[in-house]
Amino acid sequence: MAQTIAHPLSPGASAAHEGNYLTSHRGALSWLFTLDHKRIGIMYLVSVLTFFMVGGLLALTIRLELFTPGLNLVSADTYNKLFTLHGAIMVFLVIIPSIPASLGNFVLPLMLGAKDVAFPRLNLFSYYIYVFGALFLLYAIVAGSFDTGWTFYTPYSTRTHTAVIAAVTGAFILGFSSILTGLNFIVTVHKMRAPGMTWFRLPLFIWATYATAIIQIMATPVLAITLLLLIVERVLQIGIFDPAMGGDPVLFQHFFWFYSHPAVYIMIVPGFGIISELIATHSKKGIFGYKAIALSSVAIAFIGFLVWGHHMFVSGQSVLASTIFSFLTFAVAVPTAIKVFSWVATMHRGVIQFTTPMLYALSFLFLFSIGGLTGIFLGSLATDVHLHDTYFVVAHFHYVMMGGALIAFIGGLHHWWPKITGKLYAALPANIACILIFIGFNLTFFSQFVMGSRGMPRRYASYLPEFQLWHQLSTWGSMILGIGLFLSLFVFIHSLARGRKSPQNPWGGTSMEWMTATPPITHNFETQPVATHGPYEFPEIDYSEEVKGHV
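Summarised in this report is the structure supplied together with it. This one's a predicted model, so the numbers in the text were calculated from it and none came from an experiment.

### Observations concerning the overall build of the chain
Across its full length, the chain holds 16 helices and 4 strands. Computed over its C-alpha atoms, the radius of gyration of the chain comes to 23 Å, within 12% of the 24 Å expected for a compact globule of 551 residues. In the chain, which comprises 551 residues, the proportion classed as buried is 60%. Expressed as a percentage of contacts within the chain between residues at least 6 apart in sequence, the contacts between residues at least 24 apart total 82%. For the chain, the exposed surface amounts to about 21,000 Å²; the carbon and sulfur share of it is 72%. Taking the average location of the 26 positive side-chain charges in the chain and that of its 20 negative ones, the two points are 6 Å from each other.

### Focus: a nonpolar patch on the surface
On the surface, Met 53, Leu 57, Phe 486, Leu 489 and Ile 493 cluster together to form a nonpolar patch covering roughly 420 Å² of accessible area. Where the nonpolar patch is concerned, the elements lending two or more residues are helix 3 (37-65) and helix 16 (468-498). Here the element with the most residues in the nonpolar patch is helix 16; it accounts for 3 residues. Locating Phe 486 in the fold gives a position in helix 16. Overall, Phe 486 belongs to the partly exposed group, its relative accessible area being 41%.

### Quick look at unusual backbone geometry
Note: most peptide bonds trans; most residues except glycine with negative phi. Look at the link from Thr 154 to Pro 155: it is a cis peptide, with omega at 5°. Tracing the chain through its elements places Pro 155 in the loop between helix 5 (120-142) and helix 6 (156-159). Cis geometry marks the peptide bond from Thr 518 to Pro 519, where omega comes out at -10°. Among the structural elements, Pro 519 can be located in the loop between helix 16 and strand 2 (529-530). Positive phi, close to 55°, is recorded for Gln 237, a residue that is not glycine. You can see Gln 237 is positioned in the loop between helix 8 (204-236) and helix 9 (249-283). Positive phi is not limited to glycine here, since Arg 349 has a value of about 65°. When its relative accessible area of 76% is taken as the criterion, Arg 349 is described as exposed.

### Brief notes about the pattern of salt bridges
In the structure shown here, the tally under the stated rule is 3 salt bridges. Lys 38 is the salt-bridge partner of Asp 36, the closest N and O atoms lying 3.0 Å from each other. The exposure class assigned to Lys 38 is buried, which follows from its relative accessible area of 0%. For Asp 242, the salt bridge identified is with Arg 159, shortest N-O distance 2.6 Å. Of the two residues, Asp 242 is situated in the loop between helix 8 and helix 9 and Arg 159 in helix 6; the sequence distance between them amounts to 83 residues.

### Details of the environment of Arg 458
Counting through the fold element by element, Arg 458 comes out in the loop between helix 15 (427-453) and helix 16. For Arg 458 and Thr 34, which are 424 residues apart along the polypeptide, the C-alpha to C-alpha distance reads 44 Å. In this structure Arg 458 touches Asp 389, Thr 390, Tyr 391, Val 393 and Val 394, once residues within four positions along its chain are discounted. For Arg 458, the side chain forms a polar contact with the side chain of Asp 389, separated by 2.8 Å.

### Describing the environment of Arg 201
Along the chain, Arg 201 falls in the loop between helix 7 (164-191) and helix 8. The partly exposed category is assigned to Arg 201, whose relative accessible area is 25%. In the structure, Arg 201 is positioned 333 residues away from Gly 534 in sequence and 4.6 Å away in space, judged by C-alpha atoms. At 3.3 Å, the side chain of Arg 201 forms a polar contact with the backbone oxygen of Thr 532.

### Observations concerning the side chain of Gln 216
Within the secondary structure, Gln 216 sits in helix 8. For Gln 216, the contacting residues outside a window of four places in its chain are Ser 178, Ile 179, Gly 182, Pro 221 and Ile 266.

### Structural notes on the environment of Ser 177
Within the secondary structure, Ser 177 is located in helix 7. Setting aside residues no more than four positions away along its own chain, Ser 177 makes contact with Tyr 44, Ser 126, Ile 129 and Tyr 130. Of the polar contacts made by the side chain of Ser 177, one reaches the side chain of Tyr 44; its length is 3.4 Å.

### A word on helix 4 (residues 76-112)
Over its 37 residues, helix 4 runs 51 Å from end to end, which matches the ideal 54 Å to within 8%, given 1.5 Å per residue. By the largest-angle criterion, Ser 98 marks the main kink of helix 4, which is about 65°, and a proline, Pro 100, follows within four residues. By the criterion of burial, helix 4 is predominantly enclosed, with 32 of the 37 residues buried.

### Points about the packing of helix 8 against helix 10 (residues 290-303)
Where helix 8 meets helix 10, the closest approach of the two axes is 8 Å, and the angle between their N-to-C directions is 15°. The angle between helix 8 and helix 10 places the two elements in the roughly parallel class. When the axes of helix 8 and helix 10 are compared, the crossing they make is right-handed. Residues Leu 204, Trp 207, Ala 208, Ala 211 and Ile 215 of helix 8 touch helix 10, and the partners they reach there are Tyr 290, Ile 293, Ala 294, Leu 295, Ser 297, Val 298 and Ala 301.

What counts as what
- Residues numbered from 1 in each chain as written.
- Predicted model: local features only at pLDDT ≥ 70, side-chain atom pairs only at ≥ 80, totals over all residues.
- Heavy atoms only, no water.
- Helix = DSSP H or I, 4+ residues; strand = E, 2+ residues; numbered from the N terminus.
- Rg over C-alpha atoms; globule rule 2.2 N^0.38 Å.
- Buried < 20%, exposed > 50% of the residue type's maximum accessible area, 1.4 Å probe, protein only.
- Contact = heavy atoms within 4.5 Å.
- Areas by Shrake-Rupley, 256 points an atom, 1.4 Å probe, with all protein chains shown as cover.
- Lys, Arg positive; Asp, Glu negative; His and termini not counted.
- Charge placed at Lys NZ, Arg CZ, Asp CG, Glu CD.
- Patch = residues over 30% accessible without salt bridge, like charges linked within 9 Å, V, L, I, M, F, W, Y side chains within 5 Å.
- Salt bridge = Lys/Arg side-chain N within 4 Å of Asp/Glu carboxyl O.
- Polar contact = N/O pair within 3.5 Å; in protein donor to acceptor, adjacent residues only side chain to side chain.
- Expected span 1.5 Å × (residues − 1).
- Bend = angle between axes of the 7 residues up to and from the residue.
- Axes fitted to C-alpha atoms, helices over the stretch in contact; angles between N-to-C directions.
- Parallel < 35°, antiparallel > 145°, perpendicular 65-115°, else oblique.
- Left-handed = near helix turned anticlockwise from the far one by under 90°.

Below you can see the structure in the form of structure tokens.
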């Protein structure tokens, strides 16, 4: 094995000794007050998946409304609230916490060979802050909802009579959860690595999570201050962003995008980490360009702070500023391309196994590449002016955020599901679900590229008849996508109810989370593990017929 435990565990031995984390304590209170990072990760996971379903159903409602040009299902005002809620829920409650808070919480200490995160109580506190912020967003829906778009752009957000203050307060609170989780992960990576685990023996998921945590800590306070100023302006009528009171709406855009563009990397960089794990493990080959991939995560985190102005090419900022932001935007492509080329090189001459996680990794490569390449059109001044606020932007955003971050999240969930639950899932329906998601996703959003390039503006409840075919293709695609996602959900539920017991290491992974029992014991490892090699050295892994898995 690539990383050794001081006293290697036989499969299931530790579970018999201490009991796994799922069964060692029972009852609702044992979950509500748990300090175990694995249980907290599962509580995040259930919450994120619940909100994912809500956000997805809102999206399906939007697509049904757009099936024909006129207003059929909902009024224009309701449509505005629907796309606002879809965006706010998916960004603040699903994509941002999906990988770091749920999967990251579960596997990060295991990958480090640690028994928990550095601050377990702070970890639980972060989860309840997340719940508290979510409740504010739900209250905003009950109190009349809000229709500003998830960006809360001023001056409209300072004047609309919808429940903007409650929604903004919810986003403000959620930011603290993100900051505290990032702080916890940084300290954990610095202080709780197993003996022998140097920085360049860290799994690439850890590098990605670490880079993300830096962004969370440095960028999120800016959004918090911006949203607080928005509340102050609405409540006290002090001119900050509203020009009618002497404020500057462009200032809001600067503040908002200084956070929100790095937030794009909060969403996608952990996905990069997952894809590195999936491709290396399911190709049975050491990762190509380990250091380049690791450091490119940090480079993306750094450059991500310098490109917010490319969202504002038509806001009236100076030509010089737009030119500089355009140049810096292209610079982000360099570390991103390093990752993509390294993943492809890793698969070259690898023993590729077309497991469900690998299918999601291949889907990610295709979808994220389209998302990245179409970003060039939006980063270029000449073309962005024409594509600004069209469906081209919607398609690009979804190819990166859903085709990238969420597909990686779903792939990672399939990869670590046996470790999390101790159960295997049915591969055939899981693969079919992946294929349906891939087809449905492309049908939904590629047609939006066409619409956008032909001038269809986004956020319109009605449209000209010439766009009907493309909207109908997009709606049919969303239905296929929804069927694929619900099939995935069914596969997981069936696995919990009737799934076969998983061996300790079903995929033949060599990072440290596979070196302990499945599911892990409460304190993760029976004895202190010691890292003696890197995380992607596969030749020494053997397959055991006795346990039907790699040992």
